[in-house]
Structures are given as C-alpha cells and as structure tokens.
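A structural walkthrough
Below are the chains, spelled out letter by letter.
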2 protein chains.
Amino acid sequence: MLVQQYVDMLGGKSVIRTLSEFATARGKEIGYENVFDYSLGNPSVAVPQAFTDTCIRLLQTESPMALHGYSQSLGIPEVRAKLADSLNKRFGMDYTGDHIFMTSAAAGALAHAFRLVTVPGDEIITFAPFFPEYMPYVNLTGALLKVVPPNTEDFQINFEAFEKMIGEKTMAVLVNSPNNPSGIVYSTATIQRLAEILKQKSKELGHEIYIISDEPYREITFAGVDAPYISKYYDNTLSCYSYSKSLSLPGERIGYLAINPACADSKTMVQMCGQISRGIGHNCPPSLMQLAIAENLELTADLSVYETNMNLIYDCLMELGFTCVKPGGTFYIFPKALEEDAKIFCEKAMKYDLVLVPADSFGCPGYFRMAYCIETEKVKRSLVALRKFVETEYPQR
Amino acid sequence: MLVQQYVDMLGGKSVIRTLSEFATARGKEIGYENVFDYSLGNPSVAVPQAFTDTCIRLLQTESPMALHGYSQSLGIPEVRAKLADSLNKRFGMDYTGDHIFMTSAAAGALAHAFRLVTVPGDEIITFAPFFPEYMPYVNLTGALLKVVPPNTEDFQINFEAFEKMIGEKTMAVLVNSPNNPSGIVYSTATIQRLAEILKQKSKELGHEIYIISDEPYREITFAGVDAPYISKYYDNTLSCYSYSKSLSLPGERIGYLAINPACADSKTMVQMCGQISRGIGHNCPPSLMQLAIAENLELTADLSVYETNMNLIYDCLMELGFTCVKPGGTFYIFPKALEEDAKIFCEKAMKYDLVLVPADSFGCPGYFRMAYCIETEKVKRSLVALRKFVETEYPQR
C-alpha cells in the first residue's frame, strides 16, 4: 500500500548519480585523484575564513536563545532588511525586507515560488538545456513543466518555439541564468525580448505570467560577460537565490526568494509564502546561517578557479575540434559530443577515466556536461586523457 | 490572480500569535518582565555549552568541504547510523541507518510522513486537544485531518469516539505524546489499546493504518511518569523527532523521521522520502547541525526548570479550585477555564497581564493553555497575579 507516485520514482536513477557512483568505485581501484570526475556540481573552493569566523563569533558571544531561537517563518526581520539593502545597492532595485522571504536554499525558494503562482493543472515553461530536478520540483506540485527546445547556436532562448508554447495555462516561465548545464548567461537583449513577449502575452491572456528566476550561479560570471539582474527587466519576477555556490555552503541550506516590489501584491505574496511553508514543512532556514549570512552579504568564496578551469577546458576542446559555446559563468561547460548518441560517447570516455554527463536528461541530446568544480591541477591532467580519448576513439576527425 | 487557497489563509490569524503580539505591545508599556506571557512554546533554557563547543570545534577543525558540502538527501550516512544505535540502546529497537531520514525538524519529518502514507482524499485521524498547526500541515497535502473529541477526564484517548471514526480512507493516526497542549503523556495501557485497535482495523480494512508519532517533547517527562516509546508497541510506526525542545534549537531546524524496521517496506519508505523531498524543496537539514547532533545524541538542555514551573503552577491552580489534569511532560498545562467561554476567561486575564491561550483552536473549548517555558522567578510572580485575577473576577467560587 505504498504511495505509488514515489515508488515509481525510485526506479528512475539519475544519470549523474550513476556516473558519480562509477567515479567513486573507480577511484577505489586507481585512486580518486586519477578519476577525472566531471559529474557533480559540488563547489570545490572553501567557504571564506571570514564566514567561518562569523559563525564562531556568533556561537561564542550571542545569547543562545537569540541565536538558536525560533526565527519568524518569513525569516529574521533584520536579515531580510539587510538583504534588501544589499540587493538595492548592487542591482538598483527597491526591495524592502517585506519583499524578501528567507528559504532553505534555492530548492526551498523554488518550492514556494511554484506554489505562489500555480495551482494543479497550470503550466510552467522552461528552456532546454535545463536542470533535470526541475521536472520533479514542478510536476510534484501538480503543475506541469513544459520545455522549450534548445537554441543550440548560442544557448540563448529559442523564442520562436517559446511563443508557440505559451497558452491559457501558462502561469510562469522558469529561467536559470547563468545556466546549468550550458554555462551560458542570458544577455540583456535576451531578457528584454523575453520581458516584451511576457508583457504582451499577459495582456492577451488576461493574467500575469511570472518569471521565476533561479539564480544560484549569479555570482559566478566571467570577465566581460553581460549578466543582467533579471528582475530589473520584468516587474513580475520572483528571484530565487542560494548561497550554496557563491559561498560554497550547499549543505547548510540557506537562500531566499526576493519578489520585485513592482509585482502586483508582492508583499502579500511574501506573506503567502509563510502559509505555503505550513503545507510543505519548511518553517524557516537555520537561524545561525541566517545571522551569519546577514554579516557577509557581499562576500563570496574565491570563485576565480572556475574561470581558470573553464578557459583551460574550452581552449582544449576548441583545439580538438569540438563544437562548444563558451560559457559566461557557472562551473559547467556544454560541448557537442563527437557522435550522435552522447550516451555512447560518454561511455567510451569512461575507459579513459573521464566522467562526462550525457545531456539527454537536460533536454539536449547529443551534448554532454562537464562540471569543472575540481582542482586546476586535475583539470590539466584530465585534458591529456581527453586528448587521448578523442585521438583514439575518433581518429578520422 | 493570486492562489486563493493561501490568500484565504492570511485572514485566519492564529490566536497564539495575536496574544503574543499583545504581550509584546504590553511589554513596551509596563516592561516585558511584568507581562506574564504564557502564550508561546519557545524553549526558555539555553542549549548546553557542550553542544556549542562541538559546533565551534567542527568549524575550527573540519574541512569546510566536508562540513558544509552537500549532504545526501536522506542525511549524512554516519549520522543516520549513530542515531539508529542511540535509539536502539535507549528504546530496545533495532533500527539501522537505513531506517532513519534526517529532516528539517519535526515539521519536515511530518511533511514527509503524511506524504508517505496518504494521497489526496485519504484521511488522518488525530486526538483533541491537538497542536493547531496539524490542520494546515495535513490539509495542504490534500489529505483530510479528522479530530477525535477529547477525553477530558484524563486527556488519554477517547477510544469510543475514535473507533467510530476509523473508515476506509483512514491511513494514519497522528499521535502527539507528550502532548501539546495538555501536557499529558499517553500511558503504556493507552498505547497498547491503540495498537490493538489499529491492528484489528488494518485487518478488517485490508490496508495498514500507520501511527505517525510526533514526539518533539519526548525528552521532557516528569518524575514517575510512564512514557512508552510508541514505536515499540506498534510495527507500522513513523516516529517524528526534533531537537527543537530537547536541545533548545528550534531555529536550527534539525530532526529526523525513524521508521520501525518491522514496518513493511520500511527501508523503501525511507528511500521514498528522498523523492518526496524533491517535490517540497526539502533536500536535507543543515549539515553542520547534522554533524553536531551526531556527537551529542544523548545530550539535553537542563530541562528540570519545566518540572519546577509545572509543580508551582499546578499546586496554585489546585488551591484556587481549578480543574486540571497534572501534566506528565512538555512545558504546557491545560486547565479548565472558570467560565464556559475560555476566550472570555482569557480576555479577562489580560487585565491582570496574564497571557493565557483559550483552547478552541486546540479542539477543546472551555480549556486554556499555559506555556510555562519562562523563568521560575516570573512564574512565582505570575501566580500572585493569577490569584488576584481569580479572586476578583470569580469571587463567588
């Protein structure tokens, strides 16, 4: 008598998980330092010492009742207010604390955002390639995730296909820029065009279409890249943020949902989040982390290694004749496989201890993802293996 | 175009919240130390220094990647295994780590438990008096919470009414012992009788009926009280625990769900929790807290103040002629009001700066709750006010 919906999901083991398990097992045979594991998007740089020092100081000096007591369900008011100020300063917004809802990282923010703007049967549109977890995240709410096919030329948005997909039931568009898995950042032109289409379609359909902007990679952008703050370009934007990547704190589950003050009923929507929390067991993110974040709002880990790694890999891929759009951020790169079936391509790579992820589950067959959140020294050694793999398996190129 | 379900909930401000706001406002007028605020169930004793020391040591010595990295969605394996050992030792169970799912406190555990055993339209039965949050917790899943009327004689279970309420759609019974708001602990005899009824009804109906045991107050029981570990008496038990009360860590959101190994498919159910998490944005509880808890599994805050306070209040209530069942645990006491409408009674009490909570929303009209998680010195002063209140407003008694 188990609930079948969840039992069925147990069968569908994620490709990434399977590959990561291969990497771990292979590591036991030949030493993990010799497995070029590009499977997992787990930050590879440490949280800054300043953040750790804040945590220690809070634990040593704050009253335990203030430090570990119940946070209000919307988050600690002072933390929300400081966060609003920081976003205003950085992005020219006009949030107040009342527009901010503290969450258990981006997954928590998304879980509330979906429930804010859809009821079961409604639709949310996202753009391939996309983070595969979006499927269960959305579909388990009862809403339906629809996926616009990729624009493989530059991995900006395939607007033609997108416009055809918008309908009566479209309540939101789920945007992830900088993007997992493509590493691409949507340009200002892309966001402006997206905003125009959504304004027009909202009018035609007689209901708002929201942008749910999932931006955990916001702070990881590379030199010279145009990286607009999406909410600045479209009033009805719900921005979902996490400190998992920028501060390398994925295990601590801390982030927020920021609702554009120009969005109709934005303060009410934040209040509604407190009600949504009651149904999904959210309550609030950890209080120690809320307080520590509030003192380090503009701090990031040393993210420069990701750009270093990206450039090394990108140059090698180009030299080896791969088709690949140069990433503008994140710690992912997304080349086209050297044969039609990327799964076969990635299987062959495993013989060279290269763990690459075929992009079928990202909605973009024929491509693969490399998560280069690993040490630069290892990246360099991996490129020797990559060269050998390509030259051996695809000699005619 | 806001989702109406949550908008409607915004109207229904909780009585407890309203009273707590009154207490804060009144505190600004006369000093909070002079407001006898019995409204909120917020622990009043500090987390033990040993726990704080563990956190600081982990932050100072652990690799940041290990400390703050992604925890597996079911929790950190070593933490789950240690927790299982501790439960086995204390309660004679035979859990392994595979039967434990780490959660964002009890609210997170309950959110998974409900979804494990019900689909929309199913029913869960609970017993008055009950924690009012159970209503949105259950009903927002699409299942329906049904409430058995109270047994006001001793606040054990009203079995006659309960048996009549069990039907085709009953999938679980939600039990909270030690109980908020009554402070009563269900006796071994109560649990045995409950287990017998559920076994028989499961057989009759041809499907399991689970006990979902919400036990955040498990460690707060008073001298001489019979406090059975419920899962020991019924195989199909899902135990939901939180360290919010035992370690005074409500803001840190750390707890677990433990599924009885004798429950059919118990390991599969834990795996299913990982899938449920994807739909509700749970992911895992904070990694620092998981690791700190694992080193302090049998530690509690100094909980003795609650029993001291309870005895002072209980003796005074008896002297003043109240009807009240003596609490066996928690930090709540649940007397009968001195007039039929407890709301009017509690309003009158406010004139004496006594903040008492009428129990209508707990499913037990005519009673009121006092949360005595406050300083003993303040309890003593409050009893002077209580005596004056009763003697002035109810002089004929």
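Here goes a summary of the coordinates provided. Computed from a predicted model, the values in this text were never measured in an experiment.

1. Observations regarding the overall build of chain A
Check the secondary structure of chain A and you find 14 helices and 12 strands. Relative to its length of 397 residues, chain A is compact, with a C-alpha radius of gyration of 21 Å against a globular reference of 21 Å. Based on the C-alpha atoms only, the size of chain A along its principal axes is roughly 60 × 55 × 55 Å. Taken over 397 residues, chain A has a buried fraction of 63%. Roughly 14400 Å² of accessible area belongs to chain A as shown, and the carbon and sulfur atoms make up 49% of that amount.

2. A short note on the packing of aromatic side chains
According to the stated counting rule, one finds 43 aromatic pairs over all chains in the structure shown. Arranged with centres 5.8 Å apart and planes meeting at 80°, the rings of Phe389(A) and Tyr394(A) form a pair that is edge-to-face. For Phe389(A), a relative accessible area of 0% translates into the label buried. Geometrically, the ring pair formed by Phe334(B) and Tyr367(B) is stacked, given 5.5 Å between the ring centres and 10° between the ring planes. Of this pair, Phe334(B) sits in the loop between strand S9 (332-333) and helix H13 (342-350) while Tyr367(B) sits in the loop between strand S11 (357-358) and strand S12 (368-371); the two residues are 33 residues apart in sequence, bridging distant segments of the chain. Just as Phe334(B) is buried, Tyr367(B) falls in that class too. Counting every residue linked through ring pairs, the aromatic cluster contains Phe322(A), Phe345(A), Tyr352(A), Phe368(A), Phe389(A) and Tyr394(A). Over the face of the ring belonging to Tyr32(A) we find Lys378(A), whose NZ or CZ atom lies 4.2 Å from the ring centre. A cation sits over an aromatic face here: Arg218(B) above Tyr241(B), 4.1 Å from the ring centre.

3. Things to note about the side chain of Ser177(B)
Residue and element names in this part refer to chain B. Topologically, Ser177 is positioned in the loop between strand S5 (170-175) and helix H9 (188-205). Engagement of the side chain of Ser177 in a polar contact is seen with the backbone nitrogen of Tyr186, the distance being 2.7 Å. Aside from chain neighbours lying at most four places away, what touches Ser177 is Ile184, Val185, Tyr186, Asp214, Glu215 and Ile230.

4. Points about the interface of chain B and chain A
Listed as interface residues are 70 residues of chain B and, on the opposing side, 70 residues of chain A. It is His68(B), Tyr70(B) and Arg278(B) in chain B that bury the most area against chain A; as a group they hold 13% of the surface buried on that side. Connecting chain B to chain A are two salt bridges. The interface formed by chain B and chain A holds 18 residue pairs in polar contact (both at pLDDT 80 or more) in total. For the side of chain B that touches chain A, the secondary structure elements donating two or more residues are helix H1 (4-11), helix H3 (49-61), helix H4 (64-68), helix H6 (105-117), helix H7 (134-139), helix H10 (266-280) and helix H11 (287-294) of chain B. With nine residues, the top contributor of residues to the side of chain B that touches chain A is H10(B). Of the residues that constitute the side of chain B that touches chain A, the class distribution is 38 nonpolar, 24 polar and eight charged.

5. Notes on the sheet that holds S9(B)
All names here are of chain B. Across the sheet, three strands lie side by side as S9-S12-S11; this open sheet has antiparallel pairing. One side of each edge strand has no neighbouring strand; the edge strands of this open sheet are S9 and S11. Pairing of S9 with S12, which is carried by two bridges, proceeds in the antiparallel orientation. What sits directly across from Ile333, in S12, is Met370.

6. Observations concerning the packing of helix H6 (residues 105-117) of chain A against helix H10 (residues 266-280) of chain A
Helix packing geometry: the angle between the two helix axes and the distance between the axes. Residue and element names in this part refer to chain A. With their axes 9 Å apart at the nearest point, H6 and H10 run at an angle of 110° to one another. Relative to H10, H6 is oriented roughly perpendicular. The two elements H6 and H10 meet at a crossing, and its hand is right-handed. Contacts from Ala111, His112, Arg115, Leu116 and Val117 of H6 reach H10 at Met269, Met272, Cys273, Ile276, Ser277 and Ile280. Looking at side-chain class alone, the contact of H6 with H10 contains eight nonpolar, two polar and one charged residues.

7. Side note on empty space enclosed by the protein
One pass over the full model with this rule turns up six cavities of 30 Å³ or more. There is about 60 Å³ of room inside the largest cavity. Around the largest cavity sit Ser104(A), Ile280(A), Gly281(A), His282(A), Ser104(B), Ile280(B), Gly281(B) and His282(B), which together line it. In terms of residue class, the lining of the largest cavity is made up of two nonpolar, six polar and no charged.

8. A closer look at the pairing of strand S3 (residues 123-127) of chain B
All names here are of chain B. In terms of residue burial, S3 counts as a mostly covered element, since five of its five residues are buried. Burial of the side chains of S3 extends over both faces: Glu123, Ile125 and Phe127 are buried on one face and Ile124 and Thr126 on the other. Summarising the sheet, S3 and strand S4 (residues 144-148) pair through five bridges and their orientation is parallel. The partner of Phe127 across the bridge, within S4, is Val148. Of the crossover connections in this fold, the one passing from S3 over H7 to the parallel S4 is right-handed. Alignment of S3 against S5, held across four bridges, turns out to be parallel.

9. A short note on the state of the cysteines
Counted according to the given criterion, the structure contains zero disulfides over all chains. Counting only cysteine sulfurs, Cys273(A) is the nearest neighbor of Cys263(A), a cysteine outside any disulfide, at a range of 11 Å. The class for Cys263(A) is buried, based on a relative accessible area of 3%. Note on Cys373(B): no disulfide assigned, nearest cysteine sulfur contributed by Cys324(B) at a separation of 16 Å.

Cut-offs applied
Residues numbered from 1 in each chain as written. Chains lettered and ligands numbered in written order. Predicted model: local features only at pLDDT ≥ 70, side-chain atom pairs only at ≥ 80, totals over all residues. Heavy atoms only, no water. Helix = DSSP H or I, 4+ residues; strand = E, 2+ residues; numbered from the N terminus. Rg over C-alpha atoms; globule rule 2.2 N^0.38 Å. Buried < 20%, exposed > 50% of the residue type's maximum accessible area, 1.4 Å probe, protein only. Areas by Shrake-Rupley, 256 points an atom, 1.4 Å probe, with all protein chains shown as cover. Phe/Tyr/Trp six-rings, centres within 6.5 Å; stacked < 30°, edge-to-face > 60°. Lys NZ or Arg CZ within 6 Å of the ring centre and 35° of its normal. Polar contact = N/O pair within 3.5 Å; in protein donor to acceptor, adjacent residues only side chain to side chain. Contact = heavy atoms within 4.5 Å. Buried area = accessible area lost by both parts, 1.4 Å probe. Salt bridge = Lys/Arg side-chain N within 4 Å of Asp/Glu carboxyl O. Nonpolar A, V, L, I, M, F, W, Y, C, P; charged D, E, K, R; others polar. Pairing = 2+ DSSP bridges. Axes fitted to C-alpha atoms, helices over the stretch in contact; angles between N-to-C directions. Parallel < 35°, antiparallel > 145°, perpendicular 65-115°, else oblique. Left-handed = near helix turned anticlockwise from the far one by under 90°. 1 Å grid on protein atoms, 1.4 Å probe; cavity = no way out; pocket = protein on both sides within 12 Å on 5 of 7 lines; lining within 4 Å. Points joined across faces, edges and corners; volume = space filled by probe spheres on them. Right-handed = clockwise from strand over helix to strand, strands pointing away. Disulfide = S-S within 2.5 Å.

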